[in-house]
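For reference, the chains in residue letters:
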Amino acid sequence: NAIDSLKHNNSDLALAYSRMAEVFALKNLAVDARRYYDNAVSLMPFVIDYKLKLGAFLIDNKQLKAAKLIFETALALNPTHKEIHLNLGYISILQQNFLKAELYLKQAIALDPDYALAYNNRGIAKYDLDSNWEAIGDYNTAIKLNPDYAKAYNNRGNAKYSLGLYQEAIED
(Lines give C-alpha, C1' and ligand atoms only; values in the text may rest on other atoms or scores of the structure.)
Protein backbone atom coordinates (compact mmCIF):
# COMPACT_ATOMS: atom_id res chain seq x y z
CA ASN A 1 0.00 0.00 0.00
CA ALA A 2 0.95 3.67 -0.24
CA ILE A 3 2.00 4.00 3.43
CA ASP A 4 4.37 1.01 3.24
CA SER A 5 5.82 2.42 0.03
CA LEU A 6 6.41 5.80 1.71
CA LYS A 7 8.18 4.13 4.65
CA HIS A 8 10.36 2.17 2.25
CA ASN A 9 11.21 5.30 0.30
CA ASN A 10 12.03 7.22 3.49
CA SER A 11 14.21 4.34 4.64
CA ASP A 12 16.13 4.25 1.36
CA LEU A 13 16.43 8.02 1.29
CA ALA A 14 17.64 8.16 4.91
CA LEU A 15 20.28 5.54 4.10
CA ALA A 16 21.43 7.56 1.09
CA TYR A 17 21.59 10.75 3.17
CA SER A 18 23.59 8.96 5.86
CA ARG A 19 26.07 7.60 3.33
CA MET A 20 26.44 11.02 1.72
CA ALA A 21 27.03 12.54 5.14
CA GLU A 22 29.83 10.05 5.74
CA VAL A 23 31.45 11.04 2.45
CA PHE A 24 31.19 14.75 3.26
CA ALA A 25 32.60 14.11 6.74
CA LEU A 26 35.58 12.25 5.26
CA LYS A 27 36.19 15.22 2.96
CA ASN A 28 36.04 17.59 5.97
CA LEU A 29 32.92 19.27 4.62
CA ALA A 30 31.28 19.58 8.02
CA VAL A 31 28.36 21.83 7.07
CA ASP A 32 27.25 19.50 4.28
CA ALA A 33 27.83 16.41 6.41
CA ARG A 34 25.73 17.84 9.24
CA ARG A 35 22.89 18.70 6.86
CA TYR A 36 22.83 15.17 5.43
CA TYR A 37 23.03 13.51 8.86
CA ASP A 38 20.17 15.74 10.04
CA ASN A 39 18.12 14.72 6.99
CA ALA A 40 18.70 11.03 7.70
CA VAL A 41 17.67 11.44 11.33
CA SER A 42 14.59 13.49 10.49
CA LEU A 43 13.42 10.94 7.90
CA MET A 44 13.93 7.99 10.27
CA PRO A 45 13.82 9.42 13.81
CA PHE A 46 13.49 6.00 15.45
CA VAL A 47 16.57 4.48 13.80
CA ILE A 48 19.32 4.51 16.42
CA ASP A 49 22.14 4.00 13.90
CA TYR A 50 21.59 7.40 12.29
CA LYS A 51 21.63 9.09 15.70
CA LEU A 52 24.85 7.25 16.60
CA LYS A 53 26.53 8.40 13.40
CA LEU A 54 25.36 11.99 13.85
CA GLY A 55 26.46 11.98 17.49
CA ALA A 56 29.91 10.62 16.63
CA PHE A 57 30.26 13.23 13.90
CA LEU A 58 29.35 15.97 16.38
CA ILE A 59 31.92 14.68 18.89
CA ASP A 60 34.58 14.67 16.17
CA ASN A 61 33.67 18.28 15.42
CA LYS A 62 33.83 19.37 19.07
CA GLN A 63 30.08 19.99 19.27
CA LEU A 64 29.69 18.19 22.58
CA LYS A 65 26.42 19.75 23.74
CA ALA A 66 24.71 18.88 20.47
CA ALA A 67 26.18 15.36 20.53
CA LYS A 68 24.99 14.86 24.10
CA LEU A 69 21.43 15.83 23.10
CA ILE A 70 21.48 13.39 20.18
CA PHE A 71 22.70 10.53 22.39
CA GLU A 72 20.19 11.37 25.12
CA THR A 73 17.43 11.20 22.51
CA ALA A 74 18.77 7.84 21.37
CA LEU A 75 18.95 6.65 24.98
CA ALA A 76 15.26 7.48 25.44
CA LEU A 77 14.50 5.27 22.43
CA ASN A 78 16.71 2.39 23.57
CA PRO A 79 18.18 2.47 27.09
CA THR A 80 19.86 -0.91 26.55
CA HIS A 81 22.17 0.14 23.71
CA LYS A 82 25.75 -0.07 24.98
CA GLU A 83 27.20 2.37 22.42
CA ILE A 84 24.88 5.14 23.56
CA HIS A 85 26.12 4.77 27.14
CA LEU A 86 29.71 4.57 25.91
CA ASN A 87 29.38 7.80 23.94
CA LEU A 88 27.64 9.64 26.77
CA GLY A 89 30.48 8.50 29.03
CA TYR A 90 33.05 9.72 26.54
CA ILE A 91 31.34 13.10 26.25
CA SER A 92 31.31 13.33 30.04
CA ILE A 93 35.06 12.65 30.10
CA LEU A 94 35.63 15.38 27.51
CA GLN A 95 33.53 17.74 29.63
CA GLN A 96 35.56 16.69 32.71
CA ASN A 97 32.51 15.29 34.46
CA PHE A 98 34.28 12.11 35.52
CA LEU A 99 31.72 10.86 38.04
CA LYS A 100 28.96 11.01 35.44
CA ALA A 101 31.27 9.35 32.90
CA GLU A 102 31.88 6.53 35.34
CA LEU A 103 28.12 5.96 35.69
CA TYR A 104 27.49 5.84 31.94
CA LEU A 105 30.44 3.52 31.40
CA LYS A 106 29.38 1.28 34.27
CA GLN A 107 26.05 0.87 32.47
CA ALA A 108 27.77 0.11 29.15
CA ILE A 109 29.77 -2.60 30.92
CA ALA A 110 26.63 -3.98 32.58
CA LEU A 111 25.09 -4.29 29.13
CA ASP A 112 28.20 -5.97 27.72
CA PRO A 113 30.73 -7.29 30.26
CA ASP A 114 33.20 -7.95 27.40
CA TYR A 115 33.24 -4.33 26.18
CA ALA A 116 36.97 -3.50 26.27
CA LEU A 117 36.49 0.09 25.10
CA ALA A 118 34.08 0.79 27.96
CA TYR A 119 36.58 -0.59 30.50
CA ASN A 120 39.34 1.55 29.01
CA ASN A 121 37.21 4.69 29.07
CA ARG A 122 36.02 4.00 32.61
CA GLY A 123 39.68 3.63 33.52
CA ILE A 124 40.29 7.09 32.09
CA ALA A 125 37.49 8.53 34.25
CA LYS A 126 38.87 6.80 37.35
CA TYR A 127 42.40 7.96 36.56
CA ASP A 128 41.14 11.54 36.31
CA LEU A 129 39.44 11.06 39.68
CA ASP A 130 42.84 10.04 41.12
CA SER A 131 41.64 6.47 41.62
CA ASN A 132 44.71 5.05 39.94
CA TRP A 133 44.47 1.51 41.34
CA GLU A 134 40.85 1.24 40.17
CA ALA A 135 41.87 2.66 36.79
CA ILE A 136 44.60 0.03 36.51
CA GLY A 137 41.98 -2.64 37.25
CA ASP A 138 39.83 -1.39 34.38
CA TYR A 139 42.82 -1.16 32.03
CA ASN A 140 43.80 -4.73 33.01
CA THR A 141 40.30 -5.92 32.13
CA ALA A 142 40.39 -4.07 28.80
CA ILE A 143 43.75 -5.68 28.01
CA LYS A 144 42.52 -9.12 29.05
CA LEU A 145 39.56 -8.72 26.70
CA ASN A 146 41.70 -7.30 23.89
CA PRO A 147 45.42 -8.10 24.29
CA ASP A 148 46.29 -5.86 21.31
CA TYR A 149 44.62 -2.77 22.81
CA ALA A 150 47.54 -0.31 22.68
CA LYS A 151 45.63 2.61 24.25
CA ALA A 152 44.80 0.52 27.31
CA TYR A 153 48.49 -0.37 27.76
CA ASN A 154 49.45 3.29 27.42
CA ASN A 155 46.75 4.40 29.86
CA ARG A 156 47.76 1.71 32.35
CA GLY A 157 51.36 2.89 32.05
CA ASN A 158 50.30 6.45 32.85
CA ALA A 159 48.39 5.29 35.92
CA LYS A 160 51.35 3.24 37.11
CA TYR A 161 53.66 6.20 36.57
CA SER A 162 51.35 8.37 38.70
CA LEU A 163 51.73 5.80 41.49
CA GLY A 164 55.53 5.89 41.23
CA LEU A 165 55.71 2.46 39.62
CA TYR A 166 58.17 3.71 37.03
CA GLN A 167 59.61 0.38 35.84
CA GLU A 168 56.15 -1.13 35.41
CA ALA A 169 55.03 2.02 33.60
CA ILE A 170 57.93 1.70 31.17
CA GLU A 171 57.03 -1.94 30.51
CA ASP A 172 53.53 -0.90 29.46
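Placed above this text is the structure.
Residues numbered from 1 in each chain as written. Predicted model: local features only at pLDDT ≥ 70, side-chain atom pairs only at ≥ 80, totals over all residues. Heavy atoms only, no water.

Trainee: Just checking my understanding: could you explain the pattern of salt bridges for this structure?
Mentor: Side chains that carry opposite charge are capable of pairing whenever their charged atoms lie near each other. Under the defined criterion, the tally for this structure stands at 11 salt bridges. We note a salt bridge from Arg 34 to Asp 38, for which the minimum N-O separation is 3.0 Å. You can see Arg 34 and its partner Asp 38 sitting in helix H2 (residues 30–43), four residues apart, about one turn around the helix. The closest approach of N and O atoms between Lys 126 and Asp 138, which form a salt bridge, is 3.2 Å. In this pair, Lys 126 sits in helix H7 (residues 116–128) while Asp 138 sits in helix H8 (residues 132–145), placing the two residues 12 residues apart along the sequence. Take Lys 126 and Asp 138: they sit in the same class, and that class is buried. Among the charged side chains, a salt-bridge network with shared partners connects Arg 122, Lys 126, Glu 134 and Asp 138. (Salt bridge = Lys/Arg side-chain N within 4 Å of Asp/Glu carboxyl O. Helix = DSSP H or I, 4+ residues; strand = E, 2+ residues; numbered from the N terminus. Buried < 20%, exposed > 50% of the residue type's maximum accessible area, 1.4 Å probe, protein only.)

Trainee: I would appreciate a short explanation of unusual backbone geometry in the present structure.
Mentor: One can expect most non-glycine residues to show negative phi and most peptide bonds to be in trans. In the Ramachandran plot, Lys 62 falls in the positive-phi region, its phi being about 60° despite a non-glycine side chain. Structurally, Lys 62 is set in the loop between helix H3 (48–60) and helix H4 (64–77). For Gln 96, which is not a glycine, the phi torsion comes out positive at approximately 60°. When you line up the elements, Gln 96 lands in the loop between helix H5 (82–94) and helix H6 (98–111). For Gln 96, a relative accessible area of 62% translates into the label exposed.

Trainee: Mind showing me how you'd approach the packing of aromatic side chains here?
Mentor: If you walk through the whole model with that rule in mind, you get four aromatic pairs. Where Tyr 37 meets Phe 57, the ring centres are 5.3 Å apart and the plane angle is 45°; that geometry is what we call tilted. Of the two residues, Tyr 37 sits in helix H2 while Phe 57 sits in helix H3, which places them 20 residues apart along the sequence. Classification of Tyr 37 as buried rests on a relative accessible area of 6%. (Phe/Tyr/Trp six-rings, centres within 6.5 Å; stacked < 30°, edge-to-face > 60°.)

Trainee: When you look at the environment of Ala 40 in this model, what are you seeing that I'm missing?
Mentor: For Ala 40, the location among the structural elements is in helix H2. For the pair formed by Ala 40 and Leu 54, sequence separation is 14 residues and the distance between their alpha carbons is 9.1 Å. Residue contacts for Ala 40: discarding those within four places in its chain leaves Ala 14, Tyr 17, Ser 18 and Tyr 50. (Contact = heavy atoms within 4.5 Å.)

Trainee: Would you mind going over the environment of Leu 94 with me for this structure?
Mentor: If you trace the backbone, Leu 94 turns up in helix H5. Among the residues examined, Leu 94 registers a relative accessible area of 38% and is labelled partly exposed. Residues Leu 94 and Asp 112, spaced 18 residues apart in sequence, show a C-alpha to C-alpha distance of 23 Å.

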